[in-house]
Amino acid sequence: MRKNYFKIAFRNLVKNIGYSAINIFGLAIGLTSCLLIGIYVQSELSFDKFHKDIDKLYRVNVTYSMGGTSQMTYMTPTALLPNLMRQFNEVEAGTRVFDVAMFSPVVVSKEDNKYQEGKFFYVDSTFFDVFSFQLLKGDAKKALVEPASVILTQKMATKYFGNQEAFGETIMVDGREYKVTGILADVPDNSHIHFDFLGSFSSLRASKSEIWWSANYATYVKLNNTANTEAITNDIEQLVREQLGKDVFQGEDRIIFDLFPVKDIHLYSKLPVEIQPQSNIQYVYIISLIGILILVIACINYMNLATARSADRAKEVGMRKVLGAYKTQLFYQFMSESFVITLISGILALVIVNISLIPFNQLTGKSLSMAAIYNPQISIGLVSIIILVSFLAGAYPALSLSSFKPGEVLKGSFKRSATGNILRKILVIVQFSISILLIIGTLVIYKQLHFMQNIKLGYNKENTLIIPTDGEVNRDFDKIKTVLEQRADVTSVSIASESPTEINGGYNLDVDNHEGVSVNAVTVDRDFIKTMNMELAAGRDFTDADVTNATLDSVELRNYGFIVNEQLLKQLFMPIDNAIGKQANLNGRKGQIIGVVKDFHFASLHRKINPLVMFIEPSQYNKLFIKLKADNLSQTLSGLDQLWSQLVPNRPFVFTFMDQEYDALYRNEERLGSIFTVFVCLAISIACMGLLGLVSFTVQQRSKEIGVRKVLGATIASLFGLISKDFTKLIVIAFLISAPLGYYLMTNWLTDFEYRTGVGYIPIIVSILLTVVVALLTISYQAISAARMNPADTLRSE
């Protein structure tokens, strides 16, 4: 009997090939979307799960609260980990991680091969006691004990040594010889940290002492099974009180260390700046919802078309019942058809996924492969979806068709159910509500991206090169600056510790008798403000005298000039004019405020503008800025490359443009916008395929009515209006439902940005216009074809 069900199901598919194609391709696209998104979500949720004791791994985060402002960071002092290991029995192991890219990439060389490397970490020798990265060669306990030791990934070993053995050999790192003491398997894609080199922490001067007042290192710990994270957090606060003194913990001022699970860093971290760019669980939810909604649209297509064809199959059902078929047998017959269609769609979806993985990886920035299909979660999920979709899409049509009364059908008195017509209309409304909702979301995302790309930042990011520096470049900066500015295509040159696109340095500032304030600070040269086209609201810019006073050999005699932003003065409730000349102390650096710069955005627009201080301290410079003329950029860069090799032979000419660095702050939003665009197109395509099928059946059912109207003088335009108006009404109803919902959801999404555009009316209006136009174009072919039919052909049988 079951064999017969499937044989009849295949016959019906072939007999109604157009109807079958719409259903199969619609479901295939829906399943493809679900599969791709499922693979993506599974990848996102798997981050760091490959570590052996992931549930016991934590990173120590810090919140600095001073003078009414708070700053959160993962950067901790060198003294934290040694104290935790000595005083907390719950801490089994720990490691510090120093990311050189946070300051300036290193230059690694082997003979004639010289490259700038940003993925270079300095870590403690206990690194492998915490993390489970696969060490292929070397002793995990000893490889990072000695100074000037380094572990390479397989990729880097091949890059610098080719087919030769790298283990035991040496490479040069910023001019210092390092011995290769280990070879590591390449870091998995689903790790929240990615590196190519692990240098021994003992190579750093910072390893020689335990300091509490300088925080540039990530601290990871592995706890034992009995550890209570809340109790440890409280004990750490007590430890910090003892080490830093009661002066730090006055009133609301405090420094709070807390333990954050490593497995949650990639998706749940709330830090404004992470050790490396991470994702956001909110985006995973959004993308997952998109996949589900597209599958819902595809299922609705099947339900609508199956019930719309009820009249065509009514006689078949009636005859089967007369011949003794039970209702349950008919139900299983129609469910078999649903299963066959879904199964074929699933197979086709696997083919489409295989074809579309490369562009999907480009879209999401992932490296996903078909191997993910064999993951038990994905495989079981796919089988479950096929079964679920078969049931959900086929259950109502099967129940509806198997319930026909044979007497009415065979007498010719069968009429379509009014309930069925209403349900089909509701399902069409749901389809287009989802489509309009996705269109609104896409347009608002791109509106916010446009806002962020065009907002007045308070500095000019255009045509500005950013080049990492080192000690040699900093020492020769004046000479380099002079030579570069002699070029006609260079307008200005400057240097600083960080780029204005993202300033993260955290300090504490005391101004006169005001309470200390947590601030961001950046070290600059005297031409930084001019090079960046920033504006002063009061006071003056830096001068040569400020450089001299800030670089005296005697630290006690140094007198710093500070330029602060407007937000700092607002925080202190200090009028701008009263700020100039005020004495200030920035982490022990004494001086006075000499100027006030107008507020500029020195972080992502997700974050509000914080208090900022600029001062001169050449020892901290990390980035060189070259402002170029806009003409002949390729020729200019070629000339600068040649000149750089003469001025700075120890570093390759590697640069980024400041506008590219700024755009990178919003890579997640750009990807979300691209994903929305692709899946909106898929959603509308599926909805229109279903609409095309419904229109075709509507035309078929009303062919005699259309013939009569033509005989009575109806025009093609009026007949087109007759066929399309009912569907247009449904789309308008869908718009009335989805527009308020879309407005609410996207307004809520925008609250994640401190500086944002509004949803506005344009995305709402465009969504309905676009949907109506696409729907009418879909309807037009069938409607116009029906309107142009010869009425004699349709009325001949009457």
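Draft legend 1. Structural detail: the side chain of K222. As for its placement among the helices and strands, K222 is situated in strand β13 (residues 215-223). At a separation of 2.8 Å, a polar atom in the side chain of K222 contacts the side chain of D53. Once residues within four sequence positions are removed from consideration, K222 is found in contact with D53, K56, L57, E90, V91, E92, A93 and D129.

Draft legend 2. Geometry of the nonpolar core. Judged by nonpolar contacts, the single largest core of 158 residues is most densely connected at L484, L586, F600, V613, M614, L624 and I626. Dropping the residues within four chain positions of it, V613 is found in contact with L509, V519, N520, A521, V522, F562, I563, V564, L568 and L586. Of all hydrophobic cores here, the second largest spans 29 residues; its members include I54, V123, V130 and F131.

Draft legend 3. Looking closely at a nonpolar patch on the surface. A cluster of nonpolar side chains, namely L388, F391 and L392, defines an oily patch on the protein surface of about 300 Å² accessible area. By secondary structure assignment, the location of L388 is in helix α11 (residues 376-402).

Draft legend 4. Layout of the packing of aromatic side chains. Under the definition given, this model contains 29 aromatic pairs. Taking the centre distance of 5.9 Å and the plane angle of 5° together, the rings of F127 and F133 count as stacked. You can call F127 buried: its relative accessible area is 0%. Each ring, one from Y560 and one from F615, has its centre 6.2 Å from the other, and the planes form 75°; the classification is edge-to-face. In this pair, Y560 is assigned in strand β20 (residues 560-565) and F615 in strand β23 (residues 612-615), connecting sequence segments 55 residues apart. F615 carries the same exposure label as Y560, and that label is buried. Across the ring face of Y115, the terminal group of K159 is positioned such that the distance to the ring centre comes to 4.2 Å. The aromatic ring of Y662 is capped on one face by K461, whose charged end is 5.1 Å from the ring centroid.

Draft legend 5. Region of interest: the sheet that holds strand β16 (residues 490-496). Strands sit in the order β16-β24-β15-β25 across an open sheet of 4 strands; the sheet is antiparallel. A strand with exactly one partner marks an edge of an open sheet, and here the two such strands are β16 and β25 (656-657). In this sheet, β25 lies alongside strand β15 (residues 464-468) in antiparallel orientation, the contact comprising 2 bridges. For L465, the partnering residue across the bridge sits in β25 and is F657.

Draft legend 6. Looking closely at the pattern of salt bridges. The full count for this structure, using the stated rule, is 22 salt bridges. Put simply, E210 and R86 hold a salt bridge, and the shortest N to O gap is 3.0 Å. In this pair, E210 sits in the loop between β12 (197-200) and β13 while R86 sits in helix α3 (residues 80-87), placing the two residues 124 residues apart along the sequence. Judged by its relative accessible area of 42%, E210 falls in the partly exposed class. By relative accessible area, R86 is classed as exposed at 51%. One salt bridge connects D546 with R540, and the closest N-O pair in it is separated by 2.7 Å.

Draft legend 7. Geometry of the side chain of R651. Note on placement: R651 falls in the loop between α20 (633-647) and β25. According to the relative accessible area criterion, R651 is buried, its value standing at 3%. Polar side-chain contacts of R651 include one of 2.9 Å to the backbone oxygen of P105. When sequence neighbours within four positions are dropped, the list of residues in contact with R651 reads S104, P105, V107, Q116, D174, P468, T469, D470, V473 and W644.

Draft legend 8. Region of interest: the packing of helix α15 (residues 477-485) against α20. Interaxial distance between α15 and α20 falls to 11 Å at its minimum, and their mutual angle equals 155°. Compared by their axis directions, α15 and α20 come out roughly antiparallel. By crossing handedness, the relation of α15 to α20 is classed as right-handed. Residues I480, V483 and L484 of α15 pack against L640, L643 and L647 of α20. Of the residues that constitute the contact of α15 with α20, the class distribution is 6 nonpolar, no polar and no charged.

Draft legend 9. Here's a closer look at the environment of L27. Turning to its location among the elements, L27 is positioned in helix α2 (residues 17-45). For the pair L27 and N301, spaced 274 residues apart in the sequence, the C-alpha separation amounts to 8.4 Å.

Conventions and cut-offs
Residues numbered from 1 in each chain as written. Predicted model: local features only at pLDDT ≥ 70, side-chain atom pairs only at ≥ 80, totals over all residues. Heavy atoms only, no water. Helix = DSSP H or I, 4+ residues; strand = E, 2+ residues; numbered from the N terminus. Polar contact = N/O pair within 3.5 Å; in protein donor to acceptor, adjacent residues only side chain to side chain. Contact = heavy atoms within 4.5 Å. Core = buried A, V, L, I, M, F, W, Y, C linked by side-chain atoms within 4.5 Å. Buried < 20%, exposed > 50% of the residue type's maximum accessible area, 1.4 Å probe, protein only. Patch = residues over 30% accessible without salt bridge, like charges linked within 9 Å, V, L, I, M, F, W, Y side chains within 5 Å. Areas by Shrake-Rupley, 256 points an atom, 1.4 Å probe, with all protein chains shown as cover. Salt bridge = Lys/Arg side-chain N within 4 Å of Asp/Glu carboxyl O. Phe/Tyr/Trp six-rings, centres within 6.5 Å; stacked < 30°, edge-to-face > 60°. Lys NZ or Arg CZ within 6 Å of the ring centre and 35° of its normal. Pairing = 2+ DSSP bridges. Axes fitted to C-alpha atoms, helices over the stretch in contact; angles between N-to-C directions. Parallel < 35°, antiparallel > 145°, perpendicular 65-115°, else oblique. Left-handed = near helix turned anticlockwise from the far one by under 90°. Nonpolar A, V, L, I, M, F, W, Y, C, P; charged D, E, K, R; others polar.

Function cannot be read off these values alone, since they describe shape.
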